[in-house]
Amino acid sequence: MELLVNDGTFPIMASTTLKNLKKYGLCSTVLQGKKVKLSLAAEEVALFFAQMLDHEYTTKKVFRENYFKDWRKKMTDEERSLIKNLDKCDFGELHAMHKAKVEAKKVLTKEEKLVLKEANKKVVDEYGYCLLDHHKERIDNFKIEPPGLFRGRGEHPKQGMLKMRIQPEHVIINCSKEACIPVPPTGHRWKEVRHDNAVTWLASWTENIQSAIKYIMLNANSKLKGEKDWEKYEIARKLKSCVDDIRNQYNQDLKSKKMDTRQRAVALYFIDKLALRAGNKKEEGETADTVGCCSLRVEHITLHEKLEGNKCVVEFDFLGKDSIRYYNKIPVIKKVKKQRAPKALPHSPSSLLSCLCLHLKTGLLNKHLSTLMAGLTAKVFRTYNASITLQQQLKELTNRYQSDNEPEKLLSYNRANRAVAILCNHQRVPPKTFDQFMANLQPKIDARKETLALAKTELKQAKKEAKKQQTLVEQKKAAVKRCKEQLLKSEVQATDREENKQIALGTSKLNSLDPRISVAWCKNMEVPIEKIYSKSQRDKFAWAIDMTEEDFEF
DNA sequence: GTGTGGACTTAGAAACTTAGGC
DNA sequence: GCCTAAGTTTCTAAGTCCACAC
């Protein structure tokens, strides 16, 4: 059968409904050399797969199996009897159609792009705001998630499953009693309208993959989120005043006769020292196999009596949140080692675990922490250690590399930020173009060195003839200065980039670092805040930018 | 005490926009 | 002015933690 209509404007976004699909026509997929005209529902799901054909996901067994199972559910009886093997389906044509659509979007004229931008702004203006306590606030994710294929991270057992289209009938609206209830699309009704002012969400629905509730909430720049953010950092600051006592206590507890107490002490030691996450219990087989401190298993740890010149080394190797690998070798204080590795089994990982976290529940750990300080939980240690590390590093690096040069100041800031990102294990995949970029940068630096040398020579020459041409000397001086700045910028960029190859700075900046530290540093160093925070980051941290003086101490 | 659902924060990837080099 | 890479925003998955039921 042949491909029917495709005008290149096939809508695939959240607003797509089956009605839209009808409007834009049908297309086909190829089965063993034969074209098959698909029903609307099956075709839509086929397109989801075709769109992802360039992605590694579509080569994964689990993804393909899950996908095919769910695709078949959307097929008619006739289609099901015809299409029995995903490997025999050729999505090439659908894929090409999708690519063509992407390309078409790229080559739009300036005017056409502007029209799209305006239309988008209109949508944001209409749906992107709400009124909270008489203040107009920006909503963060005001669009319902469109249907598509579930992209679980790592070896997620549900990757490839079909995320269903959300209809108004799935959505709960939460607004005040006095508010105008949003009107559902014609012919539809909301699942429920409630008036719960004890929660912050505006709308919610339950997704079909993990039966998790999804929420529509306010943007980070809202008063509500800003206040919560401030509270978070105030709790972390409070920990600063009692962290020494807490450390003394868990060091004492390492010697406790009670197994529970020792386990808790070891867990706290690692949460504090290594910024590990708590590690809640997870449903086996429902998600990727990832762990945190309290859910570590025997196979994640190797004990070394001696390693690389250090005594008592614990080697961690496990997948953490988002299936990001945590690999670290750390020498531990002797008493931890001693109590974790009894004489009878000097290197047994199981003995370590029996003393570490095997029976320790995060709930119990947090209950204990709340007795040590109001509001203290395991995650506060991450925020605290991230922020205190930034502050210490900024002091140290800024003093060590005293410079009035902005690129160098920013390099110091990024290095301090990097120390935190390393502590928190915030990784990224190195950009594909990384090696090429670095290879290109060196000749650029060499060229700039040559230009600088030449500019210096010319300046010398001009000085010789100074009496005749004073303006020329000034010009040459300016040229030398400019060359120096450009060279420095390139050199700093090379260093920064190399050090940042596999490190993601944004996550800690956004979630773990008290913004007041950065604001105070900017004021002290006379660096514009725009140099370290983007527009949306400045909006999020407006509270800190407004209130922080240069003498702020975390 | 234990399990579960709900509400919220934290996170990396993808998409989109802007800046800078040629 | 065009192209590409960097910077920024958007998207939504994946954690934490608490309250409540048993």
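Keep in mind it's a predicted model, so treat the numbers as computed, not measured.

Any chance you could explain the nonpolar core here in plain terms?
General note: in soluble globular proteins, nonpolar side chains tend to be found buried as a group. Judged by nonpolar contacts, the single largest core of 66 residues is most densely connected at Leu239, Phe270 and Phe316. Of the domains in this structure, domain 3 (226-376) and domain 4 (394-547) are the two that each give at least three residues to this core. Counting 24 residues, the second-largest nonpolar core is a separate cluster that includes Val45, Phe68, Met75 and Met97.

How do you make sense of the confidence of the model for chain A when you look at a structure like this?
In low-pLDDT segments, the atomic positions of the prediction should not be examined closely. Across chain A, pLDDT averages 83, with 78% of residues at or above 70. Scored below 50 in pLDDT, residues 1-27 shows 54 contacts in the model against residues more than four places distant or in partner chains. Counting contacts from residues 338-355, a segment whose pLDDT is below 50, to residues more than four positions away or on other chains yields 36 contacts.

Which parts of the structure should I look at to understand the pattern of salt bridges?
It is possible for side chains bearing opposite charge to pair when their charged atoms get close. In the structure shown here, the tally under the stated rule is 29 salt bridges. For Asp54, the salt bridge identified is with Lys99, shortest N-O distance 3.0 Å. You can see Asp54 sitting in the loop between α2 (40-51) and α3 (61-74) and its partner Lys99 sitting in helix α5 (residues 92-106), a full 45 residues away along the chain. Residue Asp54 is classed as exposed on the basis of its relative accessible area, which comes to 58%. A relative accessible area of 42% places Lys99 in the partly exposed class. A salt bridge links Glu227 to Lys223, with the shortest nitrogen-to-oxygen separation between them at 3.6 Å. Note that Glu227 and Lys223 are positioned in helix α7 (residues 223-253) at a spacing of four residues, about one turn of the helix. Sharing partners across several salt bridges, the network here consists of Glu234, Arg237, Asp514 and Arg516.

Would you mind showing me how to read the domain arrangement of chain A here?
Note on interface size: it is often stated as the accessible area lost on association of the parts. Looking at the assigned domains, one finds that chain A contains domain 1 (18-106), domain 2 (127-216), domain 3 (226-376) and domain 4 (394-547). In this complex, domain 2 contributes eight residues to the contact, which on the side of domain 3 involves seven residues. Across the domain 2 to domain 3 interface the summed buried area is about 520 Å²; carbon plus sulfur atoms make up 51%. Interface area lost by domain 2 to domain 3 is led by Arg153, Pro157 and Lys158, which between them contribute 61%. Across the pair Asp322 and Arg153 runs a salt bridge whose closest N-O atoms are separated by 2.8 Å.

Hey, could you run me through the packing of aromatic side chains in this one?
Describing an aromatic ring pair means giving the distance of the ring centres and the angle of the ring planes. Inspection of every chain in the model, using the stated rule, returns 18 aromatic pairs. Ring plane angle 25° and centroid distance 4.5 Å describe the contact between Phe49 and Tyr67, whose orientation is recorded as stacked. One end of the pair, Phe49, is in helix α2; the other, Tyr67, is in helix α3, and 18 residues separate them in sequence. We note that Phe49, like Tyr67, is buried. Taken together, the ring pairs connect Phe49, Tyr57, Phe63, Tyr67, Phe68, Trp71 and Phe91 into an aromatic cluster. The ring of Tyr129 has Lys136 lying over it, and the distance from NZ or CZ to the ring centre is 4.5 Å. A cation over an aromatic ring shows up here: Arg138 above the ring of Tyr129, its NZ or CZ 5.9 Å from the ring centre.

Teacher, can you tell me more about the sheet that holds strand β13 (residues 310-319) here?
Strands in a sheet are paired, the pairing made by backbone hydrogen bonds, and the direction either parallel or antiparallel. Spatially, three strands are ordered β12-β13-β14 in an open sheet, and the strand pairing comes out antiparallel. The open sheet has two free edges, formed respectively by β12 (301-307) and β14 (325-331), since each of these has just one partner strand. Each neighbouring strand pair of the sheet contributes to a mean axis angle of 15°, computed without reference to strand direction. Pairing between β13 and β14: seven bridges, direction antiparallel.

Whenever I open this one, empty space enclosed by the protein confuses me. Can you help?
Any space left empty among the atoms is revealed by the rolling of a water-sized probe across them. Enumeration over the complete set of coordinates arrives at four cavities of 30 Å³ or more. There is about 50 Å³ of room inside the largest cavity. Lining the largest cavity are Glu145, Lys163, Met164, Ile166, Trp205, Glu207, Asn208 and Lys214. Looking at the lining of the largest cavity residue by residue, the class counts come to three nonpolar, one polar and four charged.

In this structure, what is going on with the protein's contact with DNA strand B? I would like to understand it.
Taken together, 26 residues lie near DNA strand B, and His55, Lys225, Lys321, Arg382 and Thr507 sit nearest. Take the atoms of DNA strand B that sit within 4 Å of the protein: sugar and phosphate atoms are 84% of them. Lys232 places a side-chain nitrogen or oxygen 2.7 Å from a phosphate oxygen of DNA strand B. Here a phosphate oxygen of DNA strand B and a side-chain polar atom of Lys379 are 3.4 Å apart. Among the elements of the structure, β11 (213-216), α7, α12 (378-400) and α16 (506-511) are those that each provide at least two residues to the surface near DNA strand B. Looking at which element gives the most residues to the surface near DNA strand B, the answer is α7, with three residues. Taken together, the residues that form the surface near DNA strand B break down as seven nonpolar, eight polar and eleven charged.

Even after reading the chapter, I still don't get the environment of Ala544, so can you show me in this structure?
Mapping Ala544 onto the fold places it in helix α19 (residues 542-547). Of the residues examined, Ala544 reaches a relative accessible area of 0% and is grouped as buried. For the pair Ala544 and Pro515, spaced 29 residues apart in sequence, the C-alpha to C-alpha distance is 6.1 Å. Apart from residues no more than four positions distant in its own chain, Ala544 is found in contact with Pro515, Arg516 and Val519.

Would you take a moment to explain the sheet that holds strand β9 (residues 192-194) for this structure?
Reading across the sheet, the four strands line up as β9-β8-β10-β11 and stay open at both edges, with mixed pairing between neighbours. Lying at the two open borders of the sheet, with one neighbouring strand each, are β9 and β11. Each strand of the sheet is rotated relative to its neighbour by a mean of 20°, with strand direction disregarded. Of the pairings in the sheet, the one linking strand β8 (residues 172-174) to β9 comprises three bridges and is parallel in character. Paired with Ile172 across the strands is Glu192, a residue of β9.

For this particular structure, what's the right way to read the pairing of strand β5 (residues 135-138)?
Successive side chains on a regular strand alternate, one facing one side of the sheet and the next facing the other. As defined by bridge partners, strand β4 (residues 129-132) adjoins β5 across four bridges and the pair is classed as antiparallel. In the sheet register, Cys130 faces β5, and the bridge partner there is Glu137. Where β4 folds back on β5, the antiparallel hairpin that results is connected by two residues, among which Asp133 adopts a positive phi of roughly 45°.

Basis of the calculations
Residues numbered from 1 in each chain as written. Chains lettered and ligands numbered in written order. Predicted model: local features only at pLDDT ≥ 70, side-chain atom pairs only at ≥ 80, totals over all residues. Heavy atoms only, no water. Core = buried A, V, L, I, M, F, W, Y, C linked by side-chain atoms within 4.5 Å. Buried < 20%, exposed > 50% of the residue type's maximum accessible area, 1.4 Å probe, protein only. Domains from an automatic or database assignment. pLDDT = per-residue confidence, 0-100. Contact = heavy atoms within 4.5 Å. Salt bridge = Lys/Arg side-chain N within 4 Å of Asp/Glu carboxyl O. Helix = DSSP H or I, 4+ residues; strand = E, 2+ residues; numbered from the N terminus. Buried area = accessible area lost by both parts, 1.4 Å probe. Phe/Tyr/Trp six-rings, centres within 6.5 Å; stacked < 30°, edge-to-face > 60°. Lys NZ or Arg CZ within 6 Å of the ring centre and 35° of its normal. Pairing = 2+ DSSP bridges. Axes fitted to C-alpha atoms, helices over the stretch in contact; angles between N-to-C directions. 1 Å grid on protein atoms, 1.4 Å probe; cavity = no way out; pocket = protein on both sides within 12 Å on 5 of 7 lines; lining within 4 Å. Points joined across faces, edges and corners; volume = space filled by probe spheres on them. Nonpolar A, V, L, I, M, F, W, Y, C, P; charged D, E, K, R; others polar. Near = heavy atom within 4 Å. Polar contact = N/O pair within 3.5 Å; in protein donor to acceptor, adjacent residues only side chain to side chain.

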